[in-house]
Amino acid sequence: WKSAEGSAARAGVLTALPMVAGLVLVAQMASEAGAYFPAVYVLAAALAAVGTLAFSRLRFALALGPDLVMAGWLFSLLVISHGLTIGQLYALLAVVSLFACLAAFSGLASRIVSAVPDCIRAVLPVALGAMLVLWGMVQGRMLLASPVHLVMLGDFADPLAYFSLLGLVLMLGLRALGVRQAVGGGLVLTALLSFIEGFWIVPPAPFYAPEGLDRAAGLFLLAGDGDAQALGVMATVAPWLFLALLLTFYGRWQALGTGRDVPTKKPLCVVCILNLLAALLGMTPMTAAPASALAGESG
């Protein structure tokens, strides 16, 4: 366990644990927009495994998983608020991902990322980190929408808000004590305490056999079933989604310390191909998971 192989195995386990929670969260957001929860969960887990293995073949210690911030934007804003159907959303993702693949293979994607001003490239990892922190606090009910202000503190009598705050305190405490795996250790301790208190319920559906995959894969073929006015929304969103796919991965790439320069052609191609596959299978875009930082020490 203390050997190099044991350290790598420990880092891998601690990286996988928070990613499982992310898979459940993305499947839950998709189900609120009309998708089938078990199918989305299974497909997200499979794509995360394929993407992580592909990057390990490229000798990069990056775990790939669904982008929670982008999934929240796509499902909450485009589907629920703007009225796109699930089929139209995945058709939009498929088209944009196809163009991203062509841009990555031709080298245009790297040039686009290189053309981003240095000031934006410098602040991008911080901005992405801030979005993830705020999104996590909203999902943990530590922040709530306010009718008067932008946000307000949650009710800490709520078990979810209480244990979210407890998890943060445990992580900070472990880090202050010099524990190397403070983030993963805090997650494990929070899960154990919430399980002991009876607030942690393991949903049975994600652990069934991968049934109902036909209710997720190929939904882009149903793009014509929605309102024709949605085509205007899709055309407006497409260029920004294209940039978001490239810049989000670049921001994670830089923030995780994989490289200070623009990602080389191969990592960009892998991510773009994976996102095209995700759109065809009924999944939101994949990117480098923040939990990859937990494996950074062992590489």
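Everything quoted here is computed from the prediction, not taken from an experiment.

So, about the overall build of the chain. When its secondary structure is counted, the chain shows 10 helices and 4 strands. Ordered by position from N to C terminus, the α and β elements of the chain give α-α-β-α-α-α-α-β-β-α-α-α-α-β. Evaluated residue by residue, the chain yields a buried proportion of 42% over its 299 residues. Taking as baseline every contact in the chain between residues at least 6 positions apart, the subset at least 24 positions apart corresponds to 72%. Of the roughly 15,500 Å² that the chain leaves accessible, carbon and sulfur atoms contribute 70%.

A few words now on helix α2 (residues 37–57). Compared with an ideal rise of 1.5 Å per residue, which puts 21 residues at 30 Å, α2 spans 30 Å between its outermost C-alpha atoms and is within 8% of the ideal. Within the sequence span of α2, burial applies to F37, P38, A39, V40, Y41, L43, A44, L47, A48, G51 and F55. Positive phi shows up at R59, right after α2, with a value of about 65°.

Relative to the assigned elements, A103 resides in helix α4 (residues 86–106). The buried category is assigned to A103, whose relative accessible area is 3%. Contacts of A103, omitting those with residues within four sequence positions, involve L108, A109 and F242.

Further remarks concern helix α8 (residues 182–196). Along its 15 residues, α8 runs 21 Å from first to last C-alpha, staying within 8% of the 21 Å computed at 1.5 Å per residue. Those residues of α8 that sit buried are A182, G184, G185, G186, T190 and S194. Taken from the residues just after α8, G198 is the one with a positive phi, measuring 85°.

The nonpolar side chains of soluble globular proteins are, as a tendency, buried together. One finds F55, F75, L241 and M283 to be the most contacted residues of the largest nonpolar core, which totals 65 residues. Where this core is concerned, the elements lending two or more residues are α1 (4–32), α2, α3 (68–81), α4, α5 (108–115), α9 (230–255), α10 (265–281) and β4 (286–288). If sequence neighbours within four positions are ignored, F75 has contacts with V26, M29, A30, A33, I80, I86, L89, Y90 and T284.

Criteria and thresholds
Residues numbered from 1 in each chain as written. Predicted model: local features only at pLDDT ≥ 70, side-chain atom pairs only at ≥ 80, totals over all residues. Heavy atoms only, no water. Helix = DSSP H or I, 4+ residues; strand = E, 2+ residues; numbered from the N terminus. Buried < 20%, exposed > 50% of the residue type's maximum accessible area, 1.4 Å probe, protein only. Contact = heavy atoms within 4.5 Å. Areas by Shrake-Rupley, 256 points an atom, 1.4 Å probe, with all protein chains shown as cover. Expected span 1.5 Å × (residues − 1). Core = buried A, V, L, I, M, F, W, Y, C linked by side-chain atoms within 4.5 Å.

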